[in-house]
Amino acid sequence: MRSLILRMFLATASGAWLLLCAGPAGAQPAQATGCETCHRNEASESLSAPARDFALADVHRDRGFTCVNCHGGDPNATDKAAAKAPATGFRGKPSGQAVIAVCSNCHSDAALMRKYAPRQRVDQAAEYATSVHGQQLAKGDTKVATCVSCHGAHGVRLVSDAQSPVYPLNVATTCTKCHGDAEHMKGYTLNGGPLPTDQGEKYAKSVHHAAMVERSDLSAPTCNDCHGNHGAAPPGVDAIANVCGTCHTVFATKFALSTHAAIFERGCVECHNNHDILEPTDAMVGTDEKALCSTCHSEGDNGHKAAMAMRAGIEKLKAAISHSEEQVAAVENAGIEMGDEALTVREAANHLTVARTELHAFDPAAVQAVLDEGLGLTTKVDEAAAAAQSELSFRRTGLAISLAAILLVVVALQLKIRTLKPHA
Amino acid sequence: MSASDRPSGPGTIQRRSFLDIVLGLGFVSTAASFLYPLWRYLNPPATVEAATNSVIAGKAAEFRPNSGAIVKFGSKPAILIRMPDGQFRAYSAICTHLDCTVQYKGDTSQIWCACHNGLYDLAGNNVSGPPPRPLDAFAVNLRGEPGQEEVVISRT
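Here the structure is a predicted model, which means the values were calculated and not measured.

Trainee: So what exactly am I meant to see when it comes to the domain arrangement of chain B here?
Mentor: Entries for chain B in the domain assignment read domain 1 (13-47) and domain 2 (54-155). Spacing between the C-alpha centres of domain 1 of chain B and domain 2 of chain B amounts to 52 Å.

Trainee: Would you take a moment to explain the state of the cysteines for this structure?
Mentor: Where two cysteines share a covalent bond between their sulfur atoms, that bond is called a disulfide. Applying the stated criterion across every chain, the model contains 1 disulfide over all chains. Counting only cysteine sulfurs, Cys 293 of chain A is the nearest neighbor of Cys 271 of chain A, a cysteine outside any disulfide, at a range of 7.0 Å. Overall, Cys 271 of chain A belongs to the partly exposed group, its relative accessible area being 27%. Summary of cysteine pairing: Cys 95 of chain B is not part of a disulfide, and the nearest cysteine sulfur, belonging to Cys 113 of chain B, is at 3.7 Å.

Trainee: Please explain unusual backbone geometry as it appears in this structure.
Mentor: Where the residue is not glycine, phi is negative for most of them; where a peptide bond is considered, it is trans in most cases. Residues and elements named next belong to chain A. The residue Phe 362 is not glycine, and still its phi comes out positive at about 55°. Among the secondary structure elements, Phe 362 is positioned in the loop between helix 22 (339-358) and helix 23 (364-419). Residue Phe 362 is classed as partly exposed on the basis of its relative accessible area, which comes to 23%.

Trainee: Hey, could you run me through the confidence of the model for chain A in this one?
Mentor: Low pLDDT means the predicted coordinates in that region are not meant to be read closely. Taken over all residues, the pLDDT of chain A has a mean of 89, while the share at 70 or more is 92%. Low confidence marks residues 1-22 of chain A, where pLDDT is under 50. Its contacts with residues over four positions away, or in another chain, come to 20 contacts.

Trainee: Hey, could you run me through the packing of aromatic side chains in this one?
Mentor: Taken as a whole and assessed by the stated rule, the structure comprises 4 aromatic pairs over all chains. With a centroid separation of 6.0 Å and an interplanar angle of 40°, the aromatic rings of Phe 255 of chain A and Phe 264 of chain A are classed as tilted. A single burial state applies to Phe 255 of chain A and to Phe 264 of chain A, both of which are buried. On the numbers, 6.1 Å between centres and 85° between planes, the contact of Phe 63 of chain B with Phe 88 of chain B is edge-to-face. A residue pair is termed long-range when its members are at least 10 positions apart, and Phe 63 of chain B in the loop between strand 1 (54-59) and strand 2 (67-73) and Phe 88 of chain B in strand 4 (residues 88-92) qualify at 25 residues. Each member of the pair, Phe 63 of chain B as well as Phe 88 of chain B, carries the same accessibility label: buried. The ring of Tyr 41 of chain B is capped by Arg 396 of chain A, whose NZ or CZ atom sits 5.9 Å from the centre of that ring. Here Lys 105 of chain B stacks its cationic end above the ring of Trp 112 of chain B, 5.2 Å away from the centre of that ring.

Trainee: Where do I start with the interface of chain B and chain A in this structure?
Mentor: The accessible area lost on association of the parts is a frequent measure of interface size. Across the contact, 22 residues belong to chain B and 24 residues belong to chain A. Both sides together, the interface formed by chain B and chain A hides about 1,900 Å², and carbon and sulfur atoms give 57% of it. It is Tyr 41, Lys 72 and His 116 of chain B that lose the most area in chain B upon contact with chain A, and together they represent 29% of the buried surface on that side. Our enumeration of links across chain B and chain A arrives at 2 salt bridges. Note that Asp 340 of chain A is salt-bridged to Lys 72 of chain B, the shortest N-O span being 3.4 Å. There are 3 residue pairs in polar contact (both at pLDDT 80 or more) connecting chain B and chain A.

Trainee: Could you clarify how one ought to interpret helix 15 (residues 207-214) of chain A in this entry?
Mentor: Within an α-helix, residues lying three or four positions from one another point in the same direction, as the helix has 3.6 residues per turn. For helix 15 of chain A, the set of buried residues is His 208, His 209, Ala 210, Ala 211 and Met 212 of chain A. Looking at the buried positions of helix 15 of chain A, the neighbouring elements they touch are helix 12 (168-179) and helix 14 (199-204) of chain A.

Trainee: Sorry if this is basic, but what is going on with the side chain of Thr 146 of chain A here?
Mentor: Structurally, Thr 146 of chain A can be placed in the loop between helix 10 (132-138) and helix 11 (147-151). Every residue in contact with Thr 146 of chain A, bar those within four places of it in the chain, is listed here: Gly 96, Val 99, Ile 100, Tyr 128 and Leu 137 of chain A.

Trainee: Explain the side chain of Arg 346 of chain A to me, please; I cannot follow it from the model alone.
Mentor: For Arg 346 of chain A, the location among the structural elements is in helix 22. Asp 99 of chain B provides the closest opposite charge to the buried, unpaired Arg 346 of chain A, separated from it by 5.1 Å. Setting aside chain neighbours within four positions, we find Arg 346 of chain A in contact with Lys 76, Pro 77, Ile 94, Asp 99 and Thr 101 of chain B.

Trainee: Just checking my understanding: could you explain the packing of helix 18 (residues 249-257) of chain A against helix 22 of chain A for this structure?
Mentor: When two helices pack together, you describe them by how their axes are tilted relative to each other and by the distance separating the axes. Residues and elements named next belong to chain A. Their axes nearest at 9 Å, the elements helix 18 and helix 22 cross at an angle of 50°. By the angle class used here, helix 18 and helix 22 are oblique. Every residue of helix 22 that contacts helix 18 at Val 250, Phe 251 and Lys 254 is listed here: Arg 356, Thr 357 and Glu 358. In terms of residue class, the contact of helix 18 with helix 22 is built from 2 nonpolar, 1 polar and 3 charged.

Trainee: Hey, could you run me through the sheet that holds strand 5 (residues 103-105) of chain B in this one?
Mentor: Strand-to-strand pairing in sheets goes through backbone hydrogen bonds, with the strands running parallel or antiparallel. Residue and element names in this part refer to chain B. Across the sheet, which stays open at both edges, the 4 strands sit in the order 5-6-7-8 with antiparallel pairing between neighbours. Looking along the sheet, the strands with just one partner apiece sit at the ends: strand 5 and strand 8 (126-128). Neighbour to neighbour, the strand axes of the sheet diverge by 40° on average, direction disregarded.

Trainee: Help me understand the sheet that holds strand 3 (residues 76-82) of chain B, please; the structure alone is not making it clear to me.
Mentor: Reading across the sheet, the 6 strands line up as 1-10-9-4-3-2 (chain B) and stay open at both edges, with antiparallel pairing between neighbours. Because the sheet does not close on itself, it has two edges, and the strands there are strand 1 and strand 2 of chain B. Strand-to-strand, the axes of this sheet are offset by a mean angle of 30°, without reference to chain direction. Where strand 9 (residues 137-143) of chain B and strand 10 (residues 150-155) of chain B come together, 6 bridges link them in antiparallel fashion. Of the residues in strand 10 of chain B, the one forming a bridge with Asn 141 of chain B is Val 152 of chain B. Sheet strands in contact with helix 22 of chain A are strand 2 and strand 3 of chain B, and its direction is about 90° off that of strand 3 of chain B.

Each value, and the rule that gives it
Residues numbered from 1 in each chain as written. Chains lettered and ligands numbered in written order. Predicted model: local features only at pLDDT ≥ 70, side-chain atom pairs only at ≥ 80, totals over all residues. Heavy atoms only, no water. Domains from an automatic or database assignment. Disulfide = S-S within 2.5 Å. Buried < 20%, exposed > 50% of the residue type's maximum accessible area, 1.4 Å probe, protein only. Helix = DSSP H or I, 4+ residues; strand = E, 2+ residues; numbered from the N terminus. pLDDT = per-residue confidence, 0-100. Contact = heavy atoms within 4.5 Å. Phe/Tyr/Trp six-rings, centres within 6.5 Å; stacked < 30°, edge-to-face > 60°. Lys NZ or Arg CZ within 6 Å of the ring centre and 35° of its normal. Buried area = accessible area lost by both parts, 1.4 Å probe. Salt bridge = Lys/Arg side-chain N within 4 Å of Asp/Glu carboxyl O. Polar contact = N/O pair within 3.5 Å; in protein donor to acceptor, adjacent residues only side chain to side chain. Lys, Arg positive; Asp, Glu negative; His and termini not counted. Axes fitted to C-alpha atoms, helices over the stretch in contact; angles between N-to-C directions. Parallel < 35°, antiparallel > 145°, perpendicular 65-115°, else oblique. Nonpolar A, V, L, I, M, F, W, Y, C, P; charged D, E, K, R; others polar. Pairing = 2+ DSSP bridges.

Now the structure itself:
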């Protein structure tokens, strides 16, 4: 008898486990279950909201998953006690590590995920374990973010869904729900001091935020692009140049060659900041008060001389390009075609951009070589514009002479007419 | 009593005076019609550049397969690419990142911006580096007798 009961229990338990692991047979939206029938009518918002949210829009529901897949239980049971009996595998509301376990039950299963999202990674749980969130959770800190903190628990949407909290445009808002809350972050430290909570405000001032929000460039970085998403952690000091270099490859390559690469403790951040990365300007280079170089370099040292030379060279090319543009515009406006010269000015502007890039190696000779090429182009344009101006002047002189000749003829004719005798 | 001998009263104009006025106005108008264009030639108004809608890049035979060429489209550069299979494609050669001029990379069959290592595929899509959006595409048509076709690039 005992053996029979044991077999029945094992059969029930293993059935429940198979249900949890295997997922739904088909990828059809799941129908309302017994769980939802009761939970929708619960007076408590915390008990009714999950059923309501799951019914509205949920990527799991759309693929046939139901409450049981995460919470266990028996949706066909007619009373609460039977629906949540231990034999049903009921686990209630998971929290902490249990959330990671429930989600990774499917999301770490490559064979299962291949049926629903073949391109999706299945190492989120492994990455999470390496994150600050995961490490804190392992220490027993239950305030830290788990899967549901960012993705939601019910009403989960695809990352590509614009209403998802992890859609690129929404990531900063999602992260700052905790990281912008000083009360929530109380007790966490960074470099011996309290962990700042102004990252969101600073990011909102940055070029990256402007690119993403104002210019709708979803490839622009938000929090997870630098910190990682599932493995979220501040980039290490040694990693900053690499992290920035994932997009700014040329700058990273040049910077790696520079003397500053070994000196700057925080790499790119030393000049450009981390969260409040502003539009870089030429004024950042040089030796005046606004220039960043002068925070470390003083008059007479090599860095000071290099900064002064590079800034002067850049300003010279900028002035030359501006002058050439004016010359080309003036000549074109007078009716002489200057299309080739306009393209050459554009090429000189390319050299200015390349020089600004080259500057990150902090080698004045290399910067000057690029600037000289640009100056050579503007000189050619100026020569062509001067020749065109000369041609224009020649044409105008010719016009003046021909007009004078016509006027002379008119006056002469008038005088001649006066001398003619009238007919009798 | 002829009309010319008719005595003039107050407010009437002699025929000769009337003709002088008409001739004077005609002379002034004619002089203005000559002088105004002359004035505008010497002092041209600030004009907006006329939009270029199409250009002839050259003979098709001049472009070898798996190559790219920068051609002038108005006062801006366009890149004409002859694909390895002989087909033509053209895009604005202005990188969507910081306006540098892009070029064709035959070894990887990509469009490359040297300024910040931006890469586009041969459909003009930004695939790597900082460019935020694809290159603007132009239409390419071949015009003329077989073997003598001209490559015409035009706005789509």
